[in-house]
Amino acid sequence: MAETSLFQSFFLIFSGAALLATLALYGRQPLLVAYIALGVLLGPSVLGVVNNVQLLADMSTVGIIFLLFLLGLDMQPQALVSVIRKATFVGLVSCAVFLGLGYGLGRLFGFTTVESWVIGMAMMFSSTIIGIKLLPTTVLHHKHLGELMVGLLLFQDFVAIACLMILLSGSTGQVDFAQLGISFAALPLLVLVAWAAVKYVLLPLFTRFDRFHEYIFLLALGWCMGVAELAEILGLSREIGAFIAGITMATSRISQYIALSLKPLRDFFLILFFFSIGAQFKLSMVPEIALPALITAAAVLAVKPLIFRLLLGSQSGQKVLAWDIGFRLGQISEFSLLIAFLAASQQLIGSGASHLIQATAILTFLVSSYIVVMNFPNPIAIKDELRRD
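Residues numbered from 1 in each chain as written. Predicted model: local features only at pLDDT ≥ 70, side-chain atom pairs only at ≥ 80, totals over all residues. Heavy atoms only, no water.

Comments concerning the overall build of the chain
Counting its regular elements, the chain contains 16 helices and zero strands. Considering the chain as a whole, with its 389 residues, one finds that 51% of them fall into the buried category. Contacts spanning at least 24 positions in sequence make up 78% of the contacts within the chain whose residues lie at least 6 apart. For the chain, the computed accessible surface area is about 17,200 Å², with 68% contributed by carbon and sulfur atoms. (Helix = DSSP H or I, 4+ residues; strand = E, 2+ residues; numbered from the N terminus. Buried < 20%, exposed > 50% of the residue type's maximum accessible area, 1.4 Å probe, protein only. Contact = heavy atoms within 4.5 Å. Areas by Shrake-Rupley, 256 points an atom, 1.4 Å probe, with all protein chains shown as cover.)

Remarks on unusual backbone geometry
Its identity as a non-glycine residue notwithstanding, Gln-347 has a phi of 65°, on the positive side. For Gln-347, the position within the fold is in the loop between helix H15 (334-345) and helix H16 (351-375). The class for Gln-347 is exposed, based on a relative accessible area of 55%.

So, the side chain of Ser-127
Following the sequence through the fold, Ser-127 ends up in the loop between helix H5 (113-123) and helix H6 (128-133). A relative accessible area of 0% places Ser-127 in the buried class. Ser-127 has contacts with Leu-153, Gln-331, Ile-332, Ser-333, Glu-334 and Phe-365, leaving out every residue within four places of it along the chain.

A few points about the pattern of salt bridges
Overall, the coordinates contain four salt bridges when judged by the stated rule. Put simply, Glu-229, Glu-232 and Arg-238 are held in one network by salt bridges that share partners. (Salt bridge = Lys/Arg side-chain N within 4 Å of Asp/Glu carboxyl O.)

Concerning the packing of aromatic side chains
Overall, the coordinates contain 14 aromatic pairs when judged by the stated rule. Through pairs of rings, three or more aromatic residues link up here, namely Phe-10, Phe-14, Phe-66, Phe-268 and Phe-269. When the ring centre of Phe-98 is taken as reference, the NZ or CZ atom of Lys-304 above it lies at 4.9 Å. (Phe/Tyr/Trp six-rings, centres within 6.5 Å; stacked < 30°, edge-to-face > 60°. Lys NZ or Arg CZ within 6 Å of the ring centre and 35° of its normal.)

A short note on the environment of Ile-271
Inspection of the secondary structure assignment puts Ile-271 in helix H12 (residues 255-280). Its relative accessible area of 15% is what places Ile-271 among the buried residues. If near-sequence neighbours (up to four positions away) are discounted, Ile-271 is found in contact with Ile-13, Phe-14, Ala-17 and Tyr-35.

Comments concerning the confidence of the model for the chain
Residues at a pLDDT of 70 or more form 87% of the chain, whose mean pLDDT is 82. Model confidence for the chain, summarised as mean pLDDT per element, is weakest for helix H7 (residues 137-142) at 52 and strongest for H5 at 93. (pLDDT = per-residue confidence, 0-100.)

Looking at the nonpolar core
If you look at the biggest cluster of nonpolar residues, it comprises 113 residues, and the most contacted ones within it are Leu-68, Phe-69, Trp-223, Met-249, Ile-258 and Phe-274. Setting aside residues up to four positions removed in sequence, Phe-274 forms contacts with Leu-32, Tyr-35, Ile-36, Glu-334 and Leu-337. (Core = buried A, V, L, I, M, F, W, Y, C linked by side-chain atoms within 4.5 Å.)

Some words on a nonpolar patch on the surface
Residues Leu-41, Val-46, Leu-47, Leu-283 and Val-286 make up a contiguous nonpolar surface patch of roughly 370 Å² in combined accessible area. Here Leu-283 shows up in the loop between H12 and helix H13 (286-316). (Patch = residues over 30% accessible without salt bridge, like charges linked within 9 Å, V, L, I, M, F, W, Y side chains within 5 Å.)

Things to note about the environment of Lys-199
Note that Lys-199 resides in helix H9 (residues 177-208). Put simply, Lys-199 and Met-249 are 50 residues apart on the chain and 8.7 Å apart in space, counted from C-alpha to C-alpha.

Comments concerning the packing of helix H10 (residues 213-233) against helix H11 (residues 238-247)
With their axes 7 Å apart at the nearest point, H10 and H11 run at an angle of 135° to one another. The angle between the axes of H10 and H11 places the two elements in the oblique class. Helix-helix and strand crossings are classified by hand; for H10 and H11 the assignment is right-handed. Every residue of H11 that contacts H10 at Trp-223, Cys-224, Val-227, Ala-228, Glu-229, Ala-231 and Glu-232 is listed here: Arg-238, Gly-241, Ala-242 and Ala-245. Partitioned by chemical class, the residues of the contact of H10 with H11 number seven nonpolar, one polar and three charged. (Axes fitted to C-alpha atoms, helices over the stretch in contact; angles between N-to-C directions. Parallel < 35°, antiparallel > 145°, perpendicular 65-115°, else oblique. Left-handed = near helix turned anticlockwise from the far one by under 90°. Nonpolar A, V, L, I, M, F, W, Y, C, P; charged D, E, K, R; others polar.)

Regarding the side chain of Asn-52
Within the secondary structure, Asn-52 is located in the loop between helix H2 (31-42) and helix H3 (53-73). Residue class for Asn-52 comes out buried when judged on its relative accessible area of 5%. A distance of 3.0 Å separates the side chain of Asn-52 from the side chain of Ser-9, its partner in a polar contact. (Polar contact = N/O pair within 3.5 Å; in protein donor to acceptor, adjacent residues only side chain to side chain.)

Thoughts on the packing of H5 against H16
The geometry of H5 relative to H16 is characterised by a closest axis approach of 10 Å and an angle of 15° between their N-to-C directions. Compared by their axis directions, H5 and H16 come out roughly parallel. For the pair H5 and H16, the sense of crossing is right-handed. Contact with H5, carried on its side by Glu-115, Val-118, Ile-119, Ala-122 and Met-123, involves Ala-353, Leu-356, Ile-357 and Thr-360 of H16 and no other residues of that element. Classifying every residue of the contact of H5 with H16 gives seven nonpolar, one polar and one charged.

Here it is in structure tokens:
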């Protein structure tokens, strides 16, 4: 088959994504599941009509950089400290439990020690997309439930950043602890340089030329990419650099305007990212990982709500509220997919472990979404008494 041109690939991806996304919304499913399914359908494993998957995967990493940049922009340092403080104990204990659960399952299924630790890392996180999108807006901004959920998700985001640093410090199948130490030492230096550049260079430029929206957009893009590349040079990663670029700008008055301006660009590349994950998913691996994936997904769906219920019961003061949070966070995360992607690219895990994580993510996304939509207040509930926005 002749190689598909870039325009033809974009046509197939975005037209197909629009169609499947429509079906996903009617079926009350997360959109990223539609993008992954489209990747499987159009990729080499099924129809094979999009065959420049590696190029698209390389391009899609820009979406992850924008995702982390915008995550940093939304983290106001003062509010962040307050929310994180309340969630730290629950976050630490739950992450440790889920890390151990994933490691134990990995060893049970015959994966190597490093692969099992990576599987454990992937189990630690809950989906920000599902957790926030299925939470009524009034609850998200004004209720204790929303505060606890945001705190836990933000805490997990910081743990995910640390995990990315660990994964990106190693290659050829083992973690390079010397490189990891250098990376952690370079981190405060990068933060200091970024903070000074924002204060003495970027903010004066934004203030002087704020009427030129195209310039503001361009400067924000340049800042994100520049710090990301500097982080790569210092031995960290572009993803870490993008996060730092965002959080050092979070206190500026223009941060929310930049966030709104970049979200469509982020979504464009994230669609490519999730499509490329599906396109690289080998259906030939299904017989090998089907049983482990089903068992792992069942363990996540059963254990996560229980652990959050036990840990949050004393904080929330209401058993029902603790169960509510537990089920809303009862899946693994889009960060888990990123961990699988990066660990495989660093040769830390093999194809089997990577596909196990991907299959578990898809299964838990689907089942946990149905559990929340059918049983808890959410904006897209089928039952009228549960539909709230």
